[in-house]
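Each chain, written out:
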Amino acid sequence: MKNIYLDNASTTAIRPEVVQVMTKILIEDYGNPSSTHSLGRKSKSILELSRKSIAQSVNAIASEIIFTSCGTEANNWILRSAVKDLNVQRIITCKMEHHAVLYAALILEKEYAIQIDYVKVKTSGEIDLTHLVELLSQEKKTLVSLMHVNNETGTILDLERVGRICKEHGALFHSDTVQSVGKTAINLKDLNIDFIVASAHKFHGPKGVGFAFIRKNSGLQPLFFGGEQEKGLRAGTEALHQVAGMAKALELSYSSLEQEQNHISDLKKYLISQLALEFPNYKINGSKDGFYTILNVLLPFTHEKTAMILFHLDMKGIAVSRGSACQSGSVKPSHVLAEILSDEDLLKPSLRISFSYCNTKEDIDVLIEALKTI
Ligand code: PLP
C-alpha cells in the first residue's frame, strides 16, 4: 500500500541532498566548532557558512541568525527575554497562535504579572487590525506576537502592515514564521519586524533544529547559560550536522520556490474542485485565500462518522490531520477552530490537508475516493 502523506504542516520528508550533507558532516566533520585545532576550525567554518546562507535567504545579517533546537525553543526564548530583559509589560497576541506562543505567554503572565491582550479574530480567521491598533493605543511597553501563517487554517498575516502598525506605536514585533520560512519569500530588510523563528523540519530539513532571527541591537538575552556559543545567546555545543542540513534544506527550498509553489497551488485548487464536486456541502475553515500549502475543510459527515474519519483514512495509508498534529490524538477540539467555528460545526469533522512538492494529483484522487467510502 502506497502511503499518501498530506500532513506537511506537521512535518515534511527530508530531501535526499540534505541527508547527504548531514551524513558527510556526521562522519567527517565531527570537530567541535569551539575547538581551535583544524577539525574544530573546519566545523566552525561550516557553521558560519550555514549561518550566512540562511541569512541571505531571508535578507538578514549573518549575526542576526541564532541556531536553536526547534521553533518552540525560539518562540519561548524571545517571549521570555522580551519580558525579563527588555521590560515588556504587555504581550499582544491572538488565541489562534501555536501553543509554543500561547502557553509561553500564559506562563509569563503568571511569573511576571504582565498583561496579555488577545486581538480579535474575524470569522475568516484573519486578525482584526483595527482592534490591534486600538489595543496599541494604550501606553505600555508591548511585544506584539502574531504568526505569519496559521498552522491549522493557513490564514496569512500581512507582516508588512502589522510591522508598520507596531513601529508607529513603538511596539516590538515577533512573528512565528515556522509555517512560512522556506515556502514564501521573506525579506527582513524591508520589514519592521524584530524577531522571527523557523524550524527546519517544516521545510524538508532535519527535526530538532531551528533558528531565530534577532534584529541587531535588540538587547535580547540568553535563555541558557554555560557556554559562549552563538555569541553567548544560545549556550550548548552546536549540532553541526543539523545546522548544515537546515541551511541546505532552506537553500533548496528557495532555489525551487516558484516551481514548487506553482505545483502545490495547482494541487490545492484541484482538491478544492474535487471536494466541491463530491461533497457540495463542504466548507473551507478560515480564509478562502489561505496559504497555498494548507487547506482546512469541514466535511458534511454525520456526528457518528466524525470519530472514525482519521482512523479510516489511516487504514488506507492516508495521513492527514484533524486540527494540529499535537491535538490529532486528543478528543479536545482544536483551539484554533474553536475561535472561528460555531459549537455545532466544531462537532463535525474538520480535516487539515497540507501539501508539499512531493504530492501528486493521484494523492488527491486517492484521498477523495477514500472520503467517498466513509
Ligand atoms: N509554530 C508553528 C506555527 C508550528 O506549526 C510549529 C510546529 O508544529 C511550531 C511552532 C513548533 O515548531 P517545532 O516543532 O520546531 O518546535
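Above this text is the structure in question.
Residues numbered from 1 in each chain as written. Predicted model: local features only at pLDDT ≥ 70, side-chain atom pairs only at ≥ 80, totals over all residues. Heavy atoms only, no water.

**Quick look at the overall build of the chain**
Convention followed: The numbering of helices and of strands both runs from the N terminus, where a helix is a DSSP run of H or I of at least 4 residues and a strand a run of E of at least 2. A radius of gyration in this sense is built from C-alpha atoms; the matching globule rule multiplies 2.2 Å by the number of residues raised to 0.38. Only protein chains enter the calculation, and the probe is 1.4 Å; a residue is then buried if its accessible area is under 20% of its type maximum, exposed if over 50%, and partly exposed in between. Note on contacts: a residue pair is in contact if any heavy atoms of the two residues lie within 4.5 Å.
Across its full length, the chain holds 14 helices and 12 strands. Since a compact globule built from 374 residues should have a radius of gyration of about 21 Å, the 21 Å found for the chain is in line with a globular shape. Over its C-alpha atoms, taken along the principal directions, the chain stretches across nearly 65 × 55 × 35 Å. Looking at the 374 residues of the chain, the share that counts as buried comes to 56%. Here the contacts in the chain between residues at least 6 apart in sequence split such that 72% fall between residues at least 24 apart.

**Considerations on the site of the ligand**
To keep it simple, the criterion reads: Throughout, near means a residue has at least one heavy atom within 4 Å of the molecule or strand. A 3.5 Å cut-off defines polar contacts: any pair of N or O atoms within that distance qualifies, except that in protein one atom must be a possible hydrogen donor and the other a possible acceptor, and neighbouring residues in sequence count only when both atoms are side-chain atoms. Note that accessible areas follow from Shrake-Rupley with a 1.4 Å probe, and for residues the cover is restricted to the protein chains shown.
Taken together, Cys70, Gly71, Thr72, His98, Met147, Asn151, Asp176, Val178, Gln179, Ser199, His201 and Lys202 form the complete shell of residues around the ligand. Here an oxygen atom of the ligand sits 2.5 Å away from a polar atom, N or O, in the side chain of threonine 72. Separating an oxygen atom of the ligand from a side-chain N or O atom of histidine 98 is a distance of 3.4 Å. When isolated, the ligand has an accessible area of 400 Å², and the protein chains bury 87% of it.

**Observations concerning empty space enclosed by the protein**
Applied cut-off: Cavities and pockets are defined on a 1 Å grid built over the protein atoms alone: a cavity is a set of grid points where a 1.4 Å probe fits but cannot escape, while a pocket is an open set with protein on both sides within 12 Å along at least five of seven lines, and lining residues are those with an atom within 4 Å of any such point. Grid points are joined across faces, edges and corners, and a volume is the space filled by probe spheres set on the points. Residues are grouped as follows: Ala, Val, Leu, Ile, Met, Phe, Trp, Tyr, Cys and Pro are nonpolar; Asp, Glu, Lys and Arg are charged; every other residue, Gly included, is polar.
Under the defined criterion, the tally for this structure stands at three cavities of 30 Å³ or more. Looking at the largest cavity, its volume works out to about 170 Å³. Gly182, Lys183, His204, Ile264 and Tyr292 are, among the 22 residues lining the largest cavity, the residues nearest its centre. At four residues, helix 8 (residues 257–278) tops the list of elements feeding residues into the lining of the largest cavity. Residue composition of the lining of the largest cavity, grouped by class: eight nonpolar, 10 polar and four charged.

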